[in-house]
Amino acid sequence: MATVGTDELDRPVGETARRLALAWLAEADDALDRLHDPVDVDALHDFRVALRRFRSTLRAYRPYLKGSGPKKASRRIRDLASATNPGRDAEVAIVWLEKQADAMSQDERPGYDWLLRRLEAEKVRCYDEARKRIARDYRDTRRRIARRLSDFEASCEDAVGPDQRSFALATGELILDHADDLKALLATIRSPAHESEAHDSRIAAKRLRYLIEPLRRSVDGVKPLVIQLKSLQDVLGELHDTHVLAAEIADSMPAVAAERAGRRHVPATDPVGSTTAEGVVDGAVGLLALAQRLQQRQRALHEDFTSNWLAEESVSFFRGLTTLERRLRQRGEYDPARTIR
């Protein structure tokens, strides 16, 4: 995983940020080389994460990276990073469904099996499409962006820009900004139904983690903060996954009803699965049971989140971020009075 060395903390922020962004692209390249290995099940995930870290770096340090990447190419990178999302959603849903298998009753099993087959087909289709798109578009897009980043990097040591702030000082400011944003967003999650609020908070936590994680070998105190952010991402991520699957189940109900209506005159001895008194497989029973289980899981996740992040327990986390910023500030000065609001 890409890191920032101690010496790079004192380099101009634009220079170090560009080097970090190029390191994430190199990790995406490595994952791409593994993408067609059927044994390597992590390649696509690693590729997606590397691109997201790359985009997060560009986003965080945007004020210091003017002219570093064509907008069109940057949008393509964004789209490539998002291309695997539907397949990933299906994959996560399949894992959750498989954990429910033993608890499904005979009446619930037809709907369960129907949804599992649907998601497995969706996963294969979406991942195949994503791999084709990545193979078609990534390398050319990557060359365009890397050329701009590398060209600037080669000349930035001799350039005297309007802002020669060090990477350490600029990153310290960014940490406080990201922490303020995260703290405000977390306070908006007041119930399991606050889907968009939880999603926005998860993204904010991920951006903060991507910001501080490269510092783990050069600045003390980063590792425990990363662990806490991962824990927060896990809770909010699973909550997001339950919302996605709940929407999938709701969207599936009309299809199940249509299939049931189409089979209304099929004999009860049909081998598809269990049947109602009319001899028709009722998949809605299983889907409704799964929806209820998802609601229970959402409530449990929200209770977990509330007890750990809307209470005093989170105070030490944000205090740790302020301490991290102060360590970075020791390498220079900009505003010694500022803390997380």
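Residues numbered from 1 in each chain as written. Predicted model: local features only at pLDDT ≥ 70, side-chain atom pairs only at ≥ 80, totals over all residues. Heavy atoms only, no water.

Caption draft 1: Just the overall build of the protein, in detail. The secondary structure content of the protein amounts to 11 helices and zero strands. The burial tally for the protein puts 45% of its 341 residues in the buried class. For the protein, contacts bridging at least 24 residues in sequence account for 79% of all contacts bridging at least 6. About 17300 Å² of surface is accessible on the protein, with carbon and sulfur atoms providing 48% of the total. (Helix = DSSP H or I, 4+ residues; strand = E, 2+ residues; numbered from the N terminus. Buried < 20%, exposed > 50% of the residue type's maximum accessible area, 1.4 Å probe, protein only. Contact = heavy atoms within 4.5 Å. Areas by Shrake-Rupley, 256 points an atom, 1.4 Å probe, with all protein chains shown as cover.)

Caption draft 2: Here's a closer look at the environment of Asp33. Checked against the element boundaries, Asp33 lands in helix α2 (residues 13–33). Take Asp33: its relative accessible area is 57%, and that puts it in the exposed class. At a separation of 3.3 Å, a polar atom in the side chain of Asp33 contacts the side chain of Arg139. (Polar contact = N/O pair within 3.5 Å; in protein donor to acceptor, adjacent residues only side chain to side chain.)

Caption draft 3: Focus on empty space enclosed by the protein. All told, the structure shown has one cavity of 30 Å³ or more when counted by the stated rule. Of the pockets and cavities examined, the largest cavity occupies roughly 60 Å³. Around the largest cavity, the lining residues are Leu20, Ser56, Thr57, Ala60, Tyr61, His178, Arg207, Tyr210, Leu211 and Pro214. Among the secondary structure elements, those contributing two or more residues to the lining of the largest cavity are α3 (43–60) and α8 (195–212). Its residues assigned to classes, the lining of the largest cavity shows six nonpolar, three polar and one charged. (1 Å grid on protein atoms, 1.4 Å probe; cavity = no way out; pocket = protein on both sides within 12 Å on 5 of 7 lines; lining within 4 Å. Points joined across faces, edges and corners; volume = space filled by probe spheres on them. Nonpolar A, V, L, I, M, F, W, Y, C, P; charged D, E, K, R; others polar.)

Caption draft 4: Broad picture of α3. The end-to-end C-alpha distance of α3, which contains 18 residues, comes to 26 Å, matching closely the 26 Å that a straight helix rising 1.5 Å per residue would cover. Counted residue by residue, α3 has 13 buried out of 18 residues, so it is predominantly covered. (Expected span 1.5 Å × (residues − 1).)

Caption draft 5: Quick look at the packing of α3 against α8. In the contact formed by α3 and α8, the axes pass within 10 Å of each other and the chain directions differ by 85°. On the basis of the axis angle, α3 is roughly perpendicular to α8. Where α3 approaches α8, its residues Val49, Arg52, Arg53, Ser56, Arg59 and Ala60 are matched on the opposing element by Lys206, Arg207, Arg209, Tyr210 and Leu211. Among the residues making up the contact of α3 with α8, the classes are represented as four nonpolar, one polar and six charged. (Axes fitted to C-alpha atoms, helices over the stretch in contact; angles between N-to-C directions. Parallel < 35°, antiparallel > 145°, perpendicular 65-115°, else oblique.)

Caption draft 6: Summary view of the confidence of the model for the protein. Residues of the protein with pLDDT of at least 70 account for 85%, and the chain-wide mean is 86. Model confidence for the protein, summarised as mean pLDDT per element, is weakest for helix α4 (residues 71–82) at 84 and strongest for α8 at 97. Throughout residues 153–160 the model reports pLDDT below 50, and contacts reaching past four residues in sequence, or to other chains, amount to nine contacts. In the predicted structure, residues 265–280 sits below a pLDDT of 50 and forms 22 contacts with residues beyond four places in sequence or in another chain. (pLDDT = per-residue confidence, 0-100.)

Caption draft 7: Representation of the pattern of salt bridges within the structure. All chains considered together, the criterion is met by 22 salt bridges. Two residues, Asp140 and Arg143, come together in a salt bridge whose shortest N-O distance is 3.7 Å. Highlighted residues: Asp140 and Arg143, both in helix α6 (residues 109–156), separated by three residues, approximately one helical turn. Classification of Asp140 by relative accessible area gives partly exposed; the value is 30%. In this structure, the salt-bridge partner of Arg165 is Glu173, at a minimum N-O distance of 2.6 Å. Salt bridges linked by common partners bring Arg11, Glu15 and Arg19 together as one network. (Salt bridge = Lys/Arg side-chain N within 4 Å of Asp/Glu carboxyl O.)

Caption draft 8: Focus on the nonpolar core. Formed by 68 residues in total, the largest nonpolar core has its most connected members in Tyr61, Tyr138, Leu182 and Ile212. Per-element tally for this core: the top contributor is α2, with 10 residues. When sequence neighbours within four positions are dropped, the list of residues in contact with Ile212 reads Ile175, Val222, Leu225, Val226, Leu229, Leu321 and Leu324. If you look at the next biggest cluster of nonpolar residues, it comprises 20 residues, including Trp96, Ala101, Ile249 and Leu290. (Core = buried A, V, L, I, M, F, W, Y, C linked by side-chain atoms within 4.5 Å.)

Caption draft 9: Spatial organisation of a positive patch on the surface. On the surface, a cluster of positive charge is made up of Arg55, Arg59, Arg62 and Arg207. With respect to the helices, strands and loops of the structure, Arg55 is situated in helix α3. The exposure class of Arg55 is partly exposed, given its relative accessible area of 33%. (Patch = residues over 30% accessible without salt bridge, like charges linked within 9 Å, V, L, I, M, F, W, Y side chains within 5 Å. Lys, Arg positive; Asp, Glu negative; His and termini not counted. Charge placed at Lys NZ, Arg CZ, Asp CG, Glu CD.)

Caption draft 10: Quick look at helix α10 (residues 283–309). If you check α10, its first and last C-alpha atoms are 39 Å apart, about what 27 residues at 1.5 Å a residue would give, namely 39 Å. Regarding α10, the residues found buried are Gly283, Ala284, Gly286, Leu287, Ala289, Leu290, Leu294, Gln298, Leu301, His302, Phe305 and Trp309.

Caption draft 11: Geometry of the packing of aromatic side chains. For the coordinates displayed, the defined rule picks out four aromatic pairs. Plain terms: the ring middles of Tyr61 and Phe167 are 5.2 Å apart, the flat faces sit at 25° to each other, and that makes the pair stacked. Taken together, the residues Tyr61 in the loop between α3 and α4 and Phe167 in helix α7 (residues 167–186) connect sequence positions 106 residues apart. With relative accessibility at 2%, the residue Tyr61 sits in the buried group. Accessibility expressed as a relative area gives 1% for Phe167, which makes it buried. Ring centres of Trp309 and Phe317 lie 5.1 Å apart, and the angle between their planes is 75°; this geometry places the pair in the edge-to-face category. By relative accessible area, Trp309 is classed as buried at 9%. (Phe/Tyr/Trp six-rings, centres within 6.5 Å; stacked < 30°, edge-to-face > 60°.)

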